[in-house]
Each structure stands twice: as C-alpha cells, then as structure tokens.
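Chain by chain, the residues:
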Amino acid sequence: MTTVITLASRRAAPTIPPASLETIQLHAQAHNALSTALHYLSQPDCTPEQLQTATARAVRGATLLKRASAAATINRTEG
C-alpha cells in the first residue's frame with residue numbers, strides 16, 4: 001500500500017477579502033479631488049481663487065483617503 005503525504009498549501013500569503021464598493025468609491029473620489037487640485041496648481045497663471053480651490057480640493061482628497069483607509073480596515077477585520 002502507498003503512503004500519501006499531504007503537502008501544505010502553495011499560497012505564499014493569506015488571502016485578503018476584496019475591497020468593498022464603499023472603499024472603491026471613496027478611492028475614486030479621492031483620486032478625482034486630488035487630480036483636480038493638481039490641475040489648478042499646474043496652471044501657469046494660478047490665481048488666488050484657483051489656489052484656494054486647489055487647497056480645498058486637496059483637503060477634500062485627504063479626508064476621502066482617510067475615510068477609504070478606515071473603510072478598508074473595517075472590511076479586512078470583518079472579512
């Protein structure tokens with residue numbers, strides 16, 4: 001009779017659950033806000049109003065990134 005030896009799984013790392021829809025949407029919104037801020041800042045004749053808009057967009061993007069990070073952390077612990 002032949003002895004069968006069970007081998008360990010070939011996975012190098014544990015799988016992580018896929019990102020939730022909320023996380024993906026927050027990531028897209030953050031990308032859009034930061035892209036808009038960069039657009040305003042790259043204008044050759046950036047006015048004070050454009051600088052103010054760029055700052056607001058950058059802050060919005062940072063807030064969205066923070067929310068996306070929190071949502072991803074929650075998704076990882078629940079999955």
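In what follows, the structure referred to is the one given above.
Residues numbered from 1 in each chain as written. Predicted model: local features only at pLDDT ≥ 70, side-chain atom pairs only at ≥ 80, totals over all residues. Heavy atoms only, no water.

**A look at the overall build of the chain**
To keep it simple, the criterion reads: Helix numbers and strand numbers start at the N terminus; a helix is a DSSP run of H or I with at least 4 residues, a strand a run of E with at least 2. For this analysis, residues touch if any pair of their heavy atoms sits within 4.5 Å. Accessible areas in this description were obtained via Shrake-Rupley with a 1.4 Å probe; residue shielding takes into account the shown protein chains only.
A count of helical and extended segments in the chain gives 2 helices and 0 strands. Pairs at least 24 residues apart make up 69% of the contacts formed inside the chain by residues separated by at least 6 positions. In the form shown here, the chain has an accessible surface area of approximately 6600 Å², with 59% of it arising from carbon and sulfur atoms.

**As for the side chain of Thr23**
The criterion, for reference: Each residue's exposure class comes from its accessible area (1.4 Å probe, protein chains only) as a fraction of the maximum for that residue type: buried when under 20%, exposed when over 50%, partly exposed otherwise.
Considering the arrangement of structural elements, one finds Thr23 in helix α1 (residues 21-41). Residue Thr23 is classed as buried on the basis of its relative accessible area of 10%. If we ignore the near neighbours within four places in the chain, the residues touching Thr23 are Ala68, Ala71 and Ala72.

**With respect to the nonpolar core**
The test is simple: Throughout this description, the term nonpolar core refers to a set of buried Ala, Val, Leu, Ile, Met, Phe, Trp, Tyr and Cys residues connected via side-chain atoms within 4.5 Å.
Counting 5 residues, the largest nonpolar core consists of Leu26, Ala30, Leu64, Ala68 and Ala71. Mapped by element, the contributors of at least two residues to this core are α1 and α2 (48-78). For this core, the element with the most residues is α2, which contributes 3 residues.

**A closer look at the environment of Ala68**
The residue Ala68 is located in helix α2 in this model. On a C-alpha basis, the gap between Ala68 and Leu26 in space is 5.4 Å, while along the polypeptide they are 42 residues apart. Beyond its immediate stretch of four places on either side in the chain, Ala68 contacts Thr23, Leu26 and His27.

**Some remarks on α1**
Side chains three or four residues apart in an α-helix point the same way, a direct result of the helix having 3.6 residues per turn. Definition in use: One less than the number of residues in a helix, times 1.5 Å, gives the span that helix is expected to have. Of all possible arcs, the one meant is that of the directions from the helix axis to the C-beta atoms.
Taking 1.5 Å of rise per residue, the 21 residues of α1 would be expected to cover 30 Å, and the 30 Å separating its terminal C-alpha atoms lies within 8% of that figure. All of the buried residues in α1 are Thr23, Leu26, Ala30, Ala33 and Ala37. Axial view of α1: buried residues confined to an arc of 95 degrees, hence all on one face. In α1, the exposed positions that point more than 90 degrees away from the buried face belong to Leu21 and His31.

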